[in-house]
Structures are given as structure tokens and as C-alpha cells.
Amino acid sequence: MTPFPQPLTDRYRRFKHRHFDANIYEELATYGQSPDVMVVSCCDSRVDPETIFSAMPGELFVMRNVANLIPPYETSGTYHGVSAAIEFAVLNLRIKHLLIMGHSGCGGVKAALDREVRETEGQFITKWMAMLETARLSVLASHQGASRKDMAMALEHEGIKTSLKNLRTFPFLAERENNGRLALHGAYFDIGTGNLSVLNESTGEFYAL
Ligand SMILES: [Zn+2]
């Protein structure tokens, strides 16, 4: 049997003996979870919502995927992991806020921008990132002559807007937003500075918190 990684064993023991709060976890186990906020963020190991928002267990319902993307509502096919998580958060947990959090230096966005992945034999990332094709063409057209870094940031921002737009194609979600029971938000985390900026959907601009 392959040994369980020692670093994980050590870190788990540190958590269990130093940080595990029996009262909090026992209460969560007894009464279940009731987070008010769902965060959709990237798989990127540097962008951890619980760390960024100083969250305790039970406070954030988190879904992470490559480039924090939400596909449009569709019922064809069989396995809709993103849609299942949204459905559970909105209909069962009745979250009040849903935040799409993008970030600087996103590998998924960079791959979409540079078409790097499209030249590999990867089966999944190419198709997944095609969700940003319209946004990519828009950024390429509006950022002619801009640096790659500025273009990447523009597409990272557009990716957040695309996900918010796609979220609103879910009928049960749009209904709750329209009657004020659910608020959608977009935010952007700059890894190097730790700055979080929030999307103003009226202007399309991000402002620093
Ligand atoms: Zn990313």
C-alpha cells in the first residue's frame, strides 16, 4: 500500500491537536450547516476563500474549479457538478449571497488567452475554457497593443462577468435574485498584494475594498 503522505499526516495532526475546536464542530455535526454565502473560486492553491475571508467552518459554501467558471444552465448530458452545487446552495441551503471570485495570474485564463492548452492533447481544459471564447475575442479586440499581463487581467475580469451572466440563466436563481432573496457578487483577488476588488455591475468596473 502506498503510504499516506507524511506532510499531510503531520499537518492533519497539527490541525486536530492545536486548531480543531470540538465545540464548533460538534454543533455543526448536530445541527448541520447553514452558511449564508457561497463562494466560487479557482482551484489555484493560492486563492483559498476560507483564508481570504477569515472564515470559520460552516460559514462558507465553497466550490472551486478551473478559472472559477459557471457554465450556462442546461439540462442535457448527465453529470453537472457545478449546477448540482449551485442547486444545493440556492434551493437547500438558501444562501443569501453568491460570490464569483477571480484572481490574478490565473493559469486557466492564461491558457484560454494564449491558446496554449489548445495545442496539447488535453481532453478537458480546452473545452472548459471555451466558455470564455466570446470574452476572449472581446478582450483581444479591445486591448490591441496592450501587454499580455493587462490582457490577462482583462480576461480574468471578463471571466467573472461571464460567470455572473451564466448564473442568471438558472431559472431558480434568477427568480430569487429578482425578488431580493439572493444577491450575486463578483470580486477579484490580486495574489501579489492581497488586494480584493469588487465588481460594480452598473459600471463594469472593479473597485478596491
Ligand atoms: Zn485560476
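Above this text sits the structure in question.
One structure accompanies this document, and this report is about it. (Residues numbered from 1 in each chain as written. Predicted model: local features only at pLDDT ≥ 70, side-chain atom pairs only at ≥ 80, totals over all residues. Heavy atoms only, no water.)

**Thoughts on the overall build of the chain**
Line of reasoning, step 1. Scanning the chain for helices and strands turns up nine helices and six strands.
Line of reasoning, step 2. Compactness check: the chain gives a C-alpha radius of gyration of 19 Å against a globular reference of 17 Å for 209 residues, within 12% of the reference.
Line of reasoning, step 3. With the C-alpha coordinates of the chain rotated into their principal frame, the extents come out at 55 × 45 × 40 Å.
Line of reasoning, step 4. Going through the 209 residues of the chain one by one, you find that 37% of them count as buried.
Line of reasoning, step 5. Of all intrachain contacts in the chain linking residues separated by at least 6 positions in sequence, the fraction that spans at least 24 positions is 62%.
Line of reasoning, step 6. Averaged over its 21 positive side-chain charges, the chain has a centre that lies 2 Å from the centre of its 24 negative ones. (Helix = DSSP H or I, 4+ residues; strand = E, 2+ residues; numbered from the N terminus. Rg over C-alpha atoms; globule rule 2.2 N^0.38 Å. Buried < 20%, exposed > 50% of the residue type's maximum accessible area, 1.4 Å probe, protein only. Contact = heavy atoms within 4.5 Å. Lys, Arg positive; Asp, Glu negative; His and termini not counted. Charge placed at Lys NZ, Arg CZ, Asp CG, Glu CD.)

**Some details on the pairing of strand E4 (residues 183-189)**
Line of reasoning, step 1. Counting buried residues in E4 gives five out of seven residues, a clear majority hidden from the surface.
Line of reasoning, step 2. Here seven bridges tie strand E3 (residues 97-103) to E4, and the two strands are oriented parallel to one another. Counted as the bridge partner of Gly102 is Tyr188 from E4.
Line of reasoning, step 3. As consecutive antiparallel partners, E4 and strand E5 (residues 196-200) are separated by six residues, and within that stretch Gly194 has a phi angle of approximately 75°, a positive value. (Pairing = 2+ DSSP bridges.)

**Let's talk about the pairing of strand E6 (residues 205-208)**
Line of reasoning, step 1. Bridging between E5 and E6 involves four bridges; their strand directions are antiparallel. Pairing of Leu199 across the sheet is with Phe206, part of E6.
Line of reasoning, step 2. As consecutive antiparallel partners, E5 and E6 are separated by four residues, and within that stretch Gly204 has a phi angle of approximately 80°, a positive value.

**Thoughts on the coordination of the zinc ion**
Line of reasoning, step 1. Each protein donor to the zinc ion is listed here as Cys42 (SG), His103 (NE2) and Cys106 (SG); together their distances run 2.0 to 2.3 Å.
Line of reasoning, step 2. Counting gaps between the donor residues of the zinc ion yields the pattern C-x60-H-x2-C. Placement of Cys42 in strand E1 (residues 37-42) and of Cys106 in the loop between E3 and helix H5 (107-114) is noted, with a sequence separation of 64 residues between them. The pair formed by Cys42 and Cys106 is uniform in burial state, with each residue classed as buried. (Donors = N, O, S within 2.8 Å, 3.2 Å for Na, K, Ca; no water.)

**Some thoughts on the pattern of salt bridges**
Line of reasoning, step 1. Applying the stated rule across the entire model yields nine salt bridges.
Line of reasoning, step 2. Of the charged contacts in the structure, one is a salt bridge between Asp114 and Arg148, with a shortest N-O distance of 2.2 Å. Of the two residues, Asp114 is situated in helix H5 and Arg148 in helix H8 (residues 148-167); the sequence distance between them amounts to 34 residues.
Line of reasoning, step 3. On the accessibility criterion, Asp114 (25% relative accessible area) is partly exposed.
Line of reasoning, step 4. What makes Arg148 partly exposed here is its relative accessible area of 46%. (Salt bridge = Lys/Arg side-chain N within 4 Å of Asp/Glu carboxyl O.)

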